[in-house]
Amino acid sequence: MTKIENESQYEWAVARVEQLLPLVNDETPKTDPNYIELVLLSNLVADYSEAHYAVGDPTLVDVIKLRMYEMGLNQASLAKLIGVSPSRVCAYLSGKSEPTLQVGRVLSKKLNISPAIVLGV
């Protein structure tokens with residue numbers, strides 16, 4: 001199978017996918033030409049998007065900041081929640097230091113952060 005090689009091909013394929021979407025539903029047979037074209041183009045668009053527009057995995061700092069926002073926490077309240085000093089939280093958020101394994105466990109549990117993100121794997 002071929003691949004999308006440039007932005008103009010990508011834009012054309014996205015536009016064609018948008019045209020095909022209303023023509024295909026859950027009851028459309030897999031042998032229908034519109035279904036086949038939609039699946040093939042969708043896969044090509046997805047591959048190009050992943051290669052050129054990938055967001056990447058979030059960092060621990062990104063996730064901590066998101067959870068702080070979602071939970072309405074400031075640095076002082078996060079420090080109290082996880083049992084460290086506010087200056088230590090500041091160091092974590094600025095990237096000057098990383099949490100210890102013990103603090104990482106607490107972050108994972110209290111902020112509902114995946115252990116994989118805490119460990120950076």
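Residues numbered from 1 in each chain as written. Predicted model: local features only at pLDDT ≥ 70, side-chain atom pairs only at ≥ 80, totals over all residues. Heavy atoms only, no water.

Let's talk about unusual backbone geometry
For residues other than glycine, phi is negative in most cases, and the peptide bonds are mostly trans. Even without a glycine there, the phi angle at asparagine 112 is positive, about 55 degrees. Position of asparagine 112 among the secondary structure elements: in the loop between α6 (101-111) and α7 (115-119). Taking the relative accessible area as the measure of exposure, asparagine 112 reaches 59% and is therefore exposed. (Helix = DSSP H or I, 4+ residues; strand = E, 2+ residues; numbered from the N terminus. Buried < 20%, exposed > 50% of the residue type's maximum accessible area, 1.4 Å probe, protein only.)

Here's the deal with the environment of lysine 3
With respect to the secondary-structure elements, lysine 3 resides in the segment before α1 (7-20). Taking relative accessible area as the criterion, lysine 3 reaches 60% and is therefore assigned exposed. Once the C-alpha coordinates of lysine 3 and tyrosine 48 are considered, the two residues, 45 residues apart in sequence, prove to be 7.7 Å apart. With residues up to four places along the chain from it excluded, the contact list for lysine 3 reads Gln9 and Leu44. (Contact = heavy atoms within 4.5 Å.)

A short note on the packing of aromatic side chains
Under the definition given, this model contains 3 aromatic pairs. Ring centres of tyrosine 48 and tyrosine 53 lie 6.3 Å apart, and the angle between their planes is 65 degrees; on these two criteria the pair is classed as edge-to-face. Among the aromatic side chains, those forming a connected cluster through ring pairs are Tyr10, Tyr48 and Tyr53. (Phe/Tyr/Trp six-rings, centres within 6.5 Å; stacked < 30°, edge-to-face > 60°.)

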